[in-house]
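Residues per chain, in single letters:
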Amino acid sequence: LGSIHWYLKMLRDEGSAAERLAHVLGRSRYAADLLIRAPESVSILGDPDGLRPRSQESLAITLRSAAARKDNPDKAMAAVGALRRHELLRIVLGDLTGQFTPEQVGAALADLAGATVEAALDVATRVVGAGADGLLVDVLVVGMGSLGGRELGYASDADVMIVHQPRPGVSDEAAHKQGLAIVQELVRLVAATGSDALALDTDLRPEGKNGPLTRSLASYAAYYDRWALTWEFQALLRARPIAGDRGLWEAFAALIDPLRYPATGLSAAQEREIRTMKARVESERLPRGADPRTHLKLGRGGLTDVEWTVQLFQLRHAHDTPSLRTPSTMAGLRAATAAGLVGGSDSETLAAAYENASRLRNANLLWRGRPADAVPTDIRDADGVGRIVGRDPGTGASLVEAYLRQSRRARAVTESLFYQAQ
């Protein structure tokens, strides 16, 4: 861009743009890599409104319009990928310059993921529905996990479940066949957006990897009635519509709401099942050699401690306390506090731990250019990550110690509220 008039003019006339650019490039390898791949996106820094998050609705209009202008599905997704990188850089720049709060970063990343899936579903439906039989089925993409909760991280997969519904007069077999073809094309197209493509994860579906990629509403109803375990109802707490037929979402929500917000709360056996599952997650899913004290997601006082504690209160009380019916962990914690279910001090401890672990996890990727789930112990990495989250330069040596102090407090609250340790 060195010889392009608008770039030089921006650096000359927008003093804050040059300062922000130097600040960003000095702190984040990930941001530098994004800028190298999409250098024109540096114009965001010269736009007074450039560092404001965009809603999924606004993003989806932009991405779907770009895709609709291309007849070839791969070219359509290449256009979507270019716009996605531009919007991803907007989030990164807003994060690194302190314009976005951690909660806004998670919501912005989830909205961008949702808009990407919307555009890809449009293209997939267009491709598969162009056959001789036309479109036989309506499809719904349901966000789960951190995508559903609008608390996505830079390195997070996008957890989804797929629901389809036959159109009038269409057999279940024909609808399932076409629905499966649409989902397979959707997954392929999302991956075709480029090297930093969104990773769709469908493993939270019934029967996991062994189950069908998509089910009809009737099939979900039969499965949840006969086979589902308590943890599957717990996972549904974060279900949220991402793309596809909204009427189908209303029908799906009517099916799952009595399961995730049970009228009778939880039985003693179900609570034991949830605690046992949490203990298994801590012991079995922690990577080999990882330190449980410093693992930001699965470690003691980490993200899952807060998430599971909030979800336990939701399963117990959401039927009688509608404010708890939210897919967001932080919104659920605030609702539980307002309802008097969680004390103010405990709530502050959990919220601070959740925000800190989320920021450190994101900062790992921003600094190194690759994901990492543990607090860095290398002094140089710890200093770089620490500066991103607002610590003074040269304090990297104390980053682990500061994290451990906070995570110990959060774990103590989790032991009291979730495990009910005396």
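Heads up: these notes are all about the structure in this document. None of the values given here were measured: they were computed from a predicted structure.

Structural notes on a nonpolar patch on the surface
Taken together, the side chains of L1, I4 and W6 define a hydrophobic patch exposed on the protein surface, amounting to about 230 Å² of accessible area. Inspection of the secondary structure puts I4 in the segment before α1 (5–13).

Things to note about the pattern of salt bridges
Following the criterion strictly, the structure yields 31 salt bridges and no others. A salt bridge links R275 to E271; the nearest nitrogen and oxygen atoms lie 3.0 Å apart. Pair noted here: R275 and E271 are both in helix α12 (residues 268–284), with a separation of four residues, about one helical turn. Both residues of the pair, R275 and E271, count as buried.

Focus: helix α6 (residues 102–128)
Look at α6: 39 Å from first C-alpha to last across 27 residues, which is about the 39 Å you get at 1.5 Å a residue. For α6, the tally of buried residues reaches 20 of 27 residues, placing the bulk of the element in the interior.

A look at the pairing of strand β5 (residues 240–244)
With respect to burial, β5 is a largely interior element, four of its five residues being buried. The pairing of strand β1 (residues 137–143) with β5 spans four bridges and is classified as antiparallel. Bridge assignment links L140 to a residue of β5, and that residue is G244.

What to know about helix α16 (residues 379–388)
Think of an α-helix as turning once every 3.6 residues; residues three or four places apart then point the same way. Most of α16 sits out of view: seven of its 10 residues are buried. When we look at burial in α16, the residues that qualify are D381, A382, D383, G384, V385, G386 and I388. Buried positions along α16 lie against α2 (15–27), α5 (73–96), α15 (344–368) and α17 (399–417). Once α16 finishes, G390 follows within two positions and takes phi at roughly 100 degrees, a positive value.

What counts, and at which threshold
Every chain is numbered independently, its residues counted from 1 as its sequence is written. Totals for whole chains, interfaces and linings use all residues, but because this is a predicted model, local features are given only for residues with pLDDT of at least 70 and pairs of side-chain atoms are given and counted only at 80 or more. Computation of side-chain values covers all heavy atoms of the structure but excludes hydrogens and water. By definition, no residue in a patch forms a salt bridge, and every one has over 30% relative accessible area; like charges are joined within 9 Å, nonpolar side chains (Val, Leu, Ile, Met, Phe, Trp, Tyr) within 5 Å. We get accessible surface area from the Shrake-Rupley algorithm with a probe of 1.4 Å; when it comes to residues, only the shown protein chains can shield them. Throughout this description, the term salt bridge denotes a Lys or Arg side-chain nitrogen within 4 Å of a carboxyl oxygen of Asp or Glu. For helices the rule is a DSSP run of H or I covering at least 4 residues; for strands it is a run of E covering at least 2, with both sets numbered from the N terminus onward. Buried, partly exposed and exposed residues are distinguished by accessible area as a fraction of the type maximum, computed with a 1.4 Å probe on protein chains only: under 20%, between the cut-offs, and over 50%, respectively. Given a helix with a known number of residues, its expected span is that number minus one, times 1.5 Å. Here, a strand pair is defined by DSSP locating no fewer than two bridges between the strands. Contacts are assigned to residue pairs with any non-hydrogen atoms lying within 4.5 Å of each other.

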